[in-house]
Each structure stands twice: as C-alpha cells, then as structure tokens.
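Take a look at the letters that make up each chain.
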Amino acid sequence: MPEAVIVDAVRTATGRRGGALRDVHPVDLAAHALKGLVDRTGLDPALVEDVILGCVTQAGEQSSNVGRWAALAAGFPETVAGTTVDRACGSSQQALTFAVASVAAGHCDVVIAGGVESMTRVPMGSQRSNGPGKAFGPSIEQRYGRDSFSQGEGAEMVAEQWGFNRTDLDQLALDSHARALAATEAGLFADQILPIEGLDKEGNAIEFRTDEGIRPGGTLESLGKLKTVFQEDGVITAGNSSQISDGASALLVMTDVKAKELGLTPIARVHTAALAATDPVIMLTAPIPATQKALAKSGLSASDIDVYEVNEAFASVPLAWLRDIGVEWDRVNPNGGAIALGHPLGGSGARIMTDLVHHMRRTGSRYGLQTMCEAGGQANATILELVA
C-alpha cells in the first residue's frame, strides 16, 4: 500500500503580539506559507487536493474557513479544497494527522497540512466574546462546578502537584531562550523560515526572517522580579509562559508513490499518532498519557526516541512531562520552545513539527516525538521516522 510521507515543511518567523506581522491579514499569512511550500518544491499547486489548516480563534479575520481562503490567496487553482481544524493548541498537529490519514487511506494523493494564528489581529478568546450564552453550557457547569476554565490556573495546579518552585520554572525558561538564540545564531532555522514583508517598530517595511520573541541575557534574578499572573502566591509569570504570537506553517504530505513520480525526496513519515484526554480543570497534563500511548502503540521505548518536542505552553508542563516520562532535558526542545519562539495557537503544532522535521534530517535522528497540551484537557502525540 502507498505510504504517507512528509516531503517538506516551512514556516514564517514568529512575530510578537503587535510586532513585525501586525499588519498581515491571517489569510495572507497562511497563504505565504502555502505558496512558499509549493514554490520551493516545484510542485504544481493544481496537484494539491486539500489544504487542512489549524486555527483556534475562528472569529473576525480568521472566521469563514481560513484553510479555503488561504489556498485561494496563495493563488492555488479554485479546484483546490480547504478546511480548518480546531483542537485548541494542537490544531495544526491534528491537521497533519488528518492529512496523513487522508493520504494513507487513498482519499488523496497530495495534501498540505499547516496552521495559522494572528493573535495580534484576532485576540485569543474573541470567538467567545459575543453572543448570549456561555461557551461551555449548564451541563458542564454542573459537572465541574465552574463556568470557566483557565490554562493559567491549570499551570499553577501542575506546578503544585509536581512540587515545582519558581526557580525550576524560570530556569527552564532561560534554557528555552538560550537554545533558541543559539539555534538562530547557528542558522539552524534558515532552511525552514520563509522571509515575509513585515514592519519594524517605526512602521517601515522590513524583510522579516528571525523569530521575534527570543530574549538574550536573562537571569534568574531578572525573571524573579516578574509578578505572578494567575495566583498571588503562585509561580507562573509572563517570563515562564509561552508568548502571544503571530505565525503560519505548512507541511507537504503525499504518497511515497506520488513523491517518486514527481522526483521529490521524502524527509519523514508519521510512524504513530495518538490522542489522550484528562481532567479539563488541571487541563495541561494530557501530554504525559498521550506520549505513553504513542510509545505503546509504536512498540518503541522512550530511549528509542532521539529527539522530543514538548510544547512550552507554561514551564510547568514540560517539567511534569520530563519527570513522568523520564527523559533527559537535553533531548527535549533542543532549539528552544514556545517560551522563546512564541505560541501562535493554531499555528504552533505545525511550527514545532517543521522544526522537528528539519532537525531530524540535519542530525540524522531516526525517531522524533512531538506532543502538545490542549485546552479542555487533551493532547496529541506524534512519532516521526526519518526516511531521507
């Protein structure tokens, strides 16, 4: 049977909220990734049968099916379909799973998976800001004794349950920035980032090609001066949390037969994909069972995985994962994570997967695993196997 493979992966540099990408409509931001992907592979976009994009805040400029409009904005033929996925922060990781499943099932030969989020232009939660009712409904309120759920409160719960202090979290944040800075200075992101026109602080046009959230020179002392955000006597601050960001990513998925026919060399295949769900109040612990489930399904052990990506929504999330999975920190997020590189919600899964694909090819890593916590107490876990 034909096998689904990833042929290439690209992304924009990630912009801060109100930063270099503030003037770019999210449809055009996603379109830039789509067009850049087909341009550099030489693929005829007419061969793309579907575009599956993750996007969380599907309101305003991100409403009405970003996936379809992005394909059209990229100049793809009108015959190319598009759809949009919301699995909270794991939306574009889920988009890749759907793309691979579609290709493996024989429904399509060529699919693009990716994601986009402009948190500057479409603020987080704005899809719930209008209308008469509560998003969760009375049955959820009755079951859990609350009418709202907070990821920040969940991050505090994780830190308390696993016994992490402020220094533990701040040190992970410093490591994230140091790794991201080192990767940037070494040019490790150069083969994945598509330059895009942005704006500098004065509003002048610039070629934007470097992730905007990386902060060099931080110390435990400087991070320790930041106030906690969700709990007065807590440990979660803006410094040890992911950044509100803008960005887009895209991955080209096709059958190995089609890749050979087109003269394209695959990089990796999705070896195993798994989902997990846990308590939606603490919310952020599902990457642990998702990873365990993926490893069990794959027949691999934790030691077989050469590199891991665990989304740094809050520093307490990868710390809890590290303790329970028993993996060394130097094998996780080697080029930095969302605390330094940003977290454009629906675009993050594909952003991380893009870095993972390129890292595996560059280092010759046979297996890589990515997992992300998601609002509502869910998580995706995906194991890639290098084929290039």
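Bear in mind the structure is a predicted one, so any value in this text is a computation, not a measurement.

**A few points about the overall build of the protein**
Phase 1 of the analysis: Regarding its fold elements, the protein presents 12 helices and 12 strands.
Phase 2 of the analysis: Relative to the globule expectation of 21 Å for 388 residues, the C-alpha radius of gyration of the protein, 20 Å, shows essentially globular dimensions.
Phase 3 of the analysis: The C-alpha extent of the protein, read off along each of the three principal axes, is 60 × 50 × 45 Å.
Phase 4 of the analysis: When burial is assessed residue by residue, the protein has 57% of its 388 residues classed as buried.
Phase 5 of the analysis: For the protein, long-range pairs separated by at least 24 residues make up 80% of all intrachain contacts whose partners lie at least 6 apart in sequence.
Phase 6 of the analysis: Accessible surface computed for the protein: about 15400 Å², of which carbon and sulfur atoms make up 50%.
Phase 7 of the analysis: Distance from the positive charge centre (31 side chains) to the negative charge centre (46 side chains) of the protein: 1 Å.

**Side note on the UniProt feature "domain: Thiolase C-terminal" (unreviewed entry) in the protein**
Phase 1 of the analysis: As recorded in UniProt, the sites labelled "domain: Thiolase C-terminal" (unreviewed entry) are residues 265–385.
Phase 2 of the analysis: As a span, residues 265–385 carries 35% helix and 25% strand, and end to end its C-alpha atoms are 14 Å apart.

**Quick notes on the nonpolar core**
Phase 1 of the analysis: One finds Leu 284, Ile 305, Trp 321, Val 332 and Ile 383 to be the most contacted residues of the largest nonpolar core, which totals 47 residues.
Phase 2 of the analysis: At the level of elements, α5 (151–162), α6 (166–185), β9 (268–277), α9 (287–298), β10 (307–310), α10 (316–325), β11 (367–374) and β12 (378–386) are the ones that each hand at least two residues to this core.
Phase 3 of the analysis: In this structure Ile 305 touches Leu 295, Leu 300, Arg 331, Tyr 367, Gly 368, Leu 369 and Ile 383, once residues within four positions along its chain are discounted.
Phase 4 of the analysis: Val 5, Val 66, Phe 189 and Ile 193 belong to the second-largest nonpolar core, a separate cluster that totals 44 residues.

**Focus on the pattern of salt bridges**
Phase 1 of the analysis: Scanning the model with the defined rule gives 12 salt bridges in all.
Phase 2 of the analysis: Between Lys 35 and Asp 39 there is a salt bridge, with the nearest N and O atoms lying 2.8 Å from each other. Taken together, the residues Lys 35 and Asp 39, both in helix α1 (residues 26–41) and four residues apart, mark about one turn of the helix.
Phase 3 of the analysis: Overall, the relative accessible area of 40% leaves Lys 35 in the partly exposed class.
Phase 4 of the analysis: In this structure, Glu 61 engages Arg 121 in a salt bridge whose closest nitrogen and oxygen atoms are separated by 2.7 Å. Here Arg 121 lies in the loop between β5 (110–118) and α4 (137–144) and Glu 61 lies in the loop between β3 (50–54) and α2 (66–73), a separation of 60 residues in the sequence.
Phase 5 of the analysis: Put simply, Glu 3, Arg 269, Arg 366 and Glu 385 are held in one network by salt bridges that share partners.

Rules used throughout
- Residues numbered from 1 in each chain as written.
- Predicted model: local features only at pLDDT ≥ 70, side-chain atom pairs only at ≥ 80, totals over all residues.
- Heavy atoms only, no water.
- Helix = DSSP H or I, 4+ residues; strand = E, 2+ residues; numbered from the N terminus.
- Rg over C-alpha atoms; globule rule 2.2 N^0.38 Å.
- Buried < 20%, exposed > 50% of the residue type's maximum accessible area, 1.4 Å probe, protein only.
- Contact = heavy atoms within 4.5 Å.
- Areas by Shrake-Rupley, 256 points an atom, 1.4 Å probe, with all protein chains shown as cover.
- Lys, Arg positive; Asp, Glu negative; His and termini not counted.
- Charge placed at Lys NZ, Arg CZ, Asp CG, Glu CD.
- UniProt positions renumbered as here; feature names shortened; annotations may be inferred.
- Core = buried A, V, L, I, M, F, W, Y, C linked by side-chain atoms within 4.5 Å.
- Salt bridge = Lys/Arg side-chain N within 4 Å of Asp/Glu carboxyl O.

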